[in-house]
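Below, each chain spelled out in residue letters.
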Amino acid sequence: MSLKKQILILVSIVLAFALLDVGIYEGLTKRYFNSTNKEMQAKSIEVSKYLPFENDSEIVKFDSKNKLTGDLPTVDGAAALYLVFSAFVNAVYPKESVEFDGENFTDKSKLHYTNTRGAYKAVVDGEADIIFCAKPSEEQKQYAKDKNVELEYVPIGREAFVFIVNANNPVDNLTVEQVRGIYSGKYKKWSEFGGEDYYIEPIQRNAGSGSQTSMIAFMNGEEMKYSVLGFMGKPIGFSFRYYVEGLVANGKIKMLSLNGVYPDKENIANGKYPVASNFFAVYDKNNENLNVKKFIEWILSDEGQDIIEKSGYVPLEN
């Protein structure tokens, strides 16, 4: 074999491996690689952007005359609601009650953020007085029961549970039953809904997260299955509307309509969007801190509900 042919063969092998690497990166690694900053990767949201009492904070700023004094409740909650309960604290807590060291809230701080799983554990363990979350998972309910803690759930606003796809996916609408069929394995390709001839990859979230718990409830008893060939196709995922629209929107994803109804604030308020539910202020019924109920009463007042609406969510009165 001539030297020229040997070189061509070697070059072909190198190119083949290079193309394979690119294919693996584009098809597998890139779709799961988180290109957001380190804070976003670690905490689901950029906590520092939504701190209370900061001039450049992106929360709704309202200085209420109904300030809390004395034994201030420690608050915690879900990622999708962090900017709301941070705004609550900004409105009625004293500035010195919040301590943030640049990466985390300190132990002395009355505002914390540990996400849904951490918040439910914190309120049961007595490390938080009030948490702001969606409904708990069965495991979280059982944890409270095992600890002999009875939790009270007070609705404070409404939000939509949404399904998201790549912005370039031609599918814009699915029915509730079609989504359940995708996640139960009944449907396997986007072409079954008028889309491209790609496999569907139904993405799930971590157990105990608010969105995963809501998805389990959405499935109405049907078992969710992973798609063996899904990695070769295009994904579908789920979350809460404002978390997608307001906190992590990047133009690369879009929310689907369900049963022909788009999940905007108007369709949540008028009840047309089929998967909308309350979110809650949650506390231990045996909590003796009088400010717990006082704080929640203020959240349900015109001032508190106005913060919910201006933060991008749907208040209860709508």
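Look up a bit, the structure's there.
All figures in this text were calculated on a predicted structure; none of them were measured in a lab.

About the cut-offs
- Residues numbered from 1 in each chain as written.
- Predicted model: local features only at pLDDT ≥ 70, side-chain atom pairs only at ≥ 80, totals over all residues.
- Heavy atoms only, no water.
- Buried < 20%, exposed > 50% of the residue type's maximum accessible area, 1.4 Å probe, protein only.
- Helix = DSSP H or I, 4+ residues; strand = E, 2+ residues; numbered from the N terminus.
- Arc of directions from axis to C-beta.
- Contact = heavy atoms within 4.5 Å.
- Polar contact = N/O pair within 3.5 Å; in protein donor to acceptor, adjacent residues only side chain to side chain.
- 1 Å grid on protein atoms, 1.4 Å probe; cavity = no way out; pocket = protein on both sides within 12 Å on 5 of 7 lines; lining within 4 Å.
- Points joined across faces, edges and corners; volume = space filled by probe spheres on them.
- Salt bridge = Lys/Arg side-chain N within 4 Å of Asp/Glu carboxyl O.
- Phe/Tyr/Trp six-rings, centres within 6.5 Å; stacked < 30°, edge-to-face > 60°.

Notes on helix 10 (residues 290-299)
Thinking step 1. Restricting attention to buried positions, one finds in helix 10 the residues N291, V292, F295, I296, W298 and I299. Within helix 10, the buried residues cover an arc of 155° as seen down the axis, which keeps them to one side. Seen from the open side of helix 10, the exposed residues pointing more than 90 degrees away from its buried face are L290, K293 and E297.
Thinking step 2. In the core, the buried residues of helix 10 are packed alongside strand 1 (75-77), helix 3 (82-92), strand 2 (130-133), strand 3 (151-166), strand 9 (276-284) and helix 11 (302-310).
Thinking step 3. Its side-chain oxygen 2.9 Å from the backbone nitrogen of N291, N289 forms the N-cap of helix 10.

Considering the environment of F161
Thinking step 1. Topologically, F161 is positioned in strand 3.
Thinking step 2. Setting aside its immediate chain neighbours within four residues, F161 contacts S211, S214, M215, F218, F238, S239, F240, Y273 and V275.

Notes on the layout of surface pockets
Thinking step 1. Within this model, the second largest pocket holds a volume of roughly 360 Å³.
Thinking step 2. Along the wall of the second largest pocket there are 16 residues; nearest its centre are K135, T213, S214, A217 and F218.
Thinking step 3. Counting only elements with at least two residues in the lining of the second largest pocket, the list comes to helix 5 (138-146), helix 7 (210-218) and strand 9.
Thinking step 4. Looking at the lining of the second largest pocket element by element, the count peaks at five residues for helix 7.

Structural notes on the pattern of salt bridges
Pairing between side chains of opposite charge can happen when the charged atoms of each approach one another.
Thinking step 1. Tallying each qualifying case throughout the model produces 13 salt bridges.
Thinking step 2. Linking D63 and K67 is a salt bridge whose minimum nitrogen-to-oxygen distance equals 2.4 Å.
Thinking step 3. Its salt-bridge partner being E152, residue K285 comes within 3.3 Å of it at the nearest N-O pair. Of the two residues, K285 sits in the loop between strand 9 and helix 10 while E152 sits in strand 3, which places them 133 residues apart along the sequence.
Thinking step 4. Residue K285 is classed as partly exposed on the basis of its relative accessible area of 38%.

Some remarks on the packing of aromatic side chains
Any pair of aromatic rings gets described here by the distance separating the centres and the angle formed by the planes.
Thinking step 1. Counted according to the given criterion, the structure contains 21 aromatic pairs.
Thinking step 2. Between Y50 and Y82, the aromatic rings sit 6.4 Å apart at their centres with planes inclined by 85°, giving edge-to-face as the arrangement. You can see Y50 sitting in the loop between helix 2 (38-43) and strand 1 and its partner Y82 sitting in helix 3, a full 32 residues away along the chain.
Thinking step 3. Y82 sits in the buried class, given a relative accessible area of 0%.

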